[in-house]
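# Observations on the model geometry
Given next are the chains, with one letter for each unit.
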Amino acid sequence: MKLSAISLVLWWWAAAASASAPEAVAVVHQLRPAVGWGAQLVREKGEGVITCGSWRVGVEANNVRGWRTIPAACEGYVGHYMLGDRYRQDSIVVAIEAAAHAAALRLAGNGSDVWVFDVDETALSNLPYYARHGFGVEPFNPTLSNAWVNEGAAPALPESLNLYKKLLSLGIKIVFLTGRTENQRDVTARNLKRAGYHTWEKLVLKYCIYLFITPSSSPS
Ligand SMILES: *[C@@H]1O[C@H](CO)[C@@H](O)[C@H](O)[C@H]1NC(C)=O
């Protein structure tokens, strides 16, 4: 699947390139002939030089898979994206489209209309945590990450909170569905309320096997 997806993209690129003048491919714009958007360079093993922007598009298209950390050279690139205006702009686009979709729905209006939100990086933002931990350059650390979650201090992603309020005003009920586990139910509920999500129909967390294994339950 990965190879066919990549070859499809390459085929499309080759077709597009051959259809236009070769020099138009070599230089997209005379005034900015370097590397364009996402100019930080990443050297991947044996693959020459690519930019952080190209790596990101590869990830978003799911052609780059199985990555555990972002390339070290891209910390600044991701940090500027997240802390600057662009992340919020991209969030606004998604929220506008989602609100338009909701407004166009033919609702049953009998209390059975439900909208499902993910929690992390959707309803809540863990940006304060990632800003202290290299924006994904550091390998994921479950201990530090859980300690952050247990503070219950994650802010709302403002565009998601706006969407949430619009959905409620349409009479749609809210379900939160998260990869967090049952042992984080209380802190997650508290965090959601603190961030402005005051009501929901259900908060669905992952089953947590560790809740049921205690030293005293080991077979004798
Ligand atoms: C609400 O309306 C929908 C669509 O008409 C129907 O499928 C559903 O069973 C209704 N639910 C309740 C609780 O009445």
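Under an unreviewed UniProt entry, the name given to the protein chain is Stem 28 kDa glycoprotein-like isoform X4, and the organism recorded is Ananas comosus.

### What about the overall build of the protein chain?
Tallying secondary structure elements over the protein chain gives nine helices and five strands in all. Taking all 220 residues of the protein chain together, the buried fraction comes to 31%. Contacts spanning at least 24 positions in sequence make up 69% of the contacts within the protein chain whose residues lie at least 6 apart. Just so you have it, the protein chain exposes about 14,600 Å², and 60% of that area is on carbon and sulfur atoms.

### What to know about unusual backbone geometry
Non-glycine residue Asn 62 carries a positive phi angle of around 65 degrees. For Phe 135, which is not glycine, the phi dihedral falls at a positive 55 degrees. Its place among the elements puts Phe 135 in the loop between α6 (127-132) and α7 (142-151).

### Details of the state of the cysteines
Per the stated rule, a full pass over the model turns up one disulfide. The partner cysteine of Cys 52 in its disulfide is Cys 74, sulfur to sulfur 2.1 Å. Its torsion about the S-S bond being -95 degrees, the disulfide of Cys 52 and Cys 74 is classed as left-handed. Residue Cys 52 is located in helix α3 (residues 52-60), and its partner Cys 74 is located in the loop between α3 and α4 (75-83); the two are separated by 22 residues in the primary sequence. Of the two residues, Cys 52 and Cys 74, neither departs from the other in class, the shared state being buried.

### Things to note about the nonpolar core
Trp 115, Phe 117, Leu 167, Phe 176 and Tyr 197 are the most contacted members of the largest nonpolar core, which has 27 residues in total. Residue contacts for Phe 117: discarding those within four places in its chain leaves Thr 122, Ser 160, Leu 163, Tyr 164, Leu 167, Ile 174, Val 175, Phe 176 and Leu 177. Among the nonpolar cores identified, the runner-up in size contains 14 residues, and Tyr 77, Tyr 87, Phe 135 and Leu 157 belong to it.

### Observations concerning the environment of Met 82
Mapped onto the fold, Met 82 is located in helix α4. Look at Met 82 and you get buried, because its relative accessible area is 18%. The spacing of Met 82 and Ala 131 is 49 residues in sequence and 8.7 Å in space, taken between C-alpha atoms. Setting aside anything within four residues of it in sequence, one finds Met 82 in contact with Tyr 87, Leu 127 and Phe 135.

### Describing the site of the ligand
The local shell around the ligand consists of Ala 108, Asn 110 and Ser 112. Between an oxygen atom of the ligand and a side-chain N or O atom of Asn 110, the distance comes to 2.4 Å. In isolation the ligand has 360 Å² of accessible area, and contact with the protein removes 25% of it.

### So, helix α8 (residues 158-169)
Across its 12 residues, α8 extends 17 Å between first and last C-alpha, which sits within 8% of the 16 Å expected from 1.5 Å per residue. Every buried residue of α8 is listed here: Glu 159, Ser 160, Leu 161, Leu 163, Tyr 164 and Leu 167. Gly 171 sits one or two residues past α8 and shows a positive phi near 90 degrees.

### Quick word on the pattern of salt bridges
Under the defined criterion, the tally for this structure stands at seven salt bridges. Here Glu 60 and Arg 56 are joined by a salt bridge, their closest N and O atoms 2.9 Å apart. Of this pair, Glu 60 and Arg 56 both sit in helix α3, four residues apart, which is roughly one turn of that helix. Judged by relative accessible area, which is 15%, Arg 56 ranks as buried. Between Arg 56 and Asp 90 there is a salt bridge, with its nearest N and O atoms 3.8 Å apart. With Arg 56 in helix α3 and Asp 90 in helix α5 (residues 85-104), this pair connects stretches of sequence that are 34 residues apart. Owing to a relative accessible area of 21%, Asp 90 belongs among the partly exposed residues under this scheme. Each of Arg 56, Glu 60, Arg 86 and Asp 90 takes part in salt bridges that share partners, so that together they form one network.

### Considering the pairing of strand β5 (residues 202-206)
As paired strands, strand β4 (residues 173-181) and β5 are joined by four bridges and run parallel to one another. Bridge pairing links Phe 176 to Leu 203 in β5. The β-α-β motif built from β4, the intervening helix α9 (residues 185-194) and the parallel element β5 has right-handed crossover chirality.

Calculation notes
- Residues numbered from 1 in each chain as written.
- Predicted model: local features only at pLDDT ≥ 70, side-chain atom pairs only at ≥ 80, totals over all residues.
- Heavy atoms only, no water.
- Helix = DSSP H or I, 4+ residues; strand = E, 2+ residues; numbered from the N terminus.
- Buried < 20%, exposed > 50% of the residue type's maximum accessible area, 1.4 Å probe, protein only.
- Contact = heavy atoms within 4.5 Å.
- Areas by Shrake-Rupley, 256 points an atom, 1.4 Å probe, with all protein chains shown as cover.
- Disulfide = S-S within 2.5 Å.
- Core = buried A, V, L, I, M, F, W, Y, C linked by side-chain atoms within 4.5 Å.
- Near = heavy atom within 4 Å.
- Polar contact = N/O pair within 3.5 Å; in protein donor to acceptor, adjacent residues only side chain to side chain.
- Expected span 1.5 Å × (residues − 1).
- Salt bridge = Lys/Arg side-chain N within 4 Å of Asp/Glu carboxyl O.
- Pairing = 2+ DSSP bridges.
- Right-handed = clockwise from strand over helix to strand, strands pointing away.

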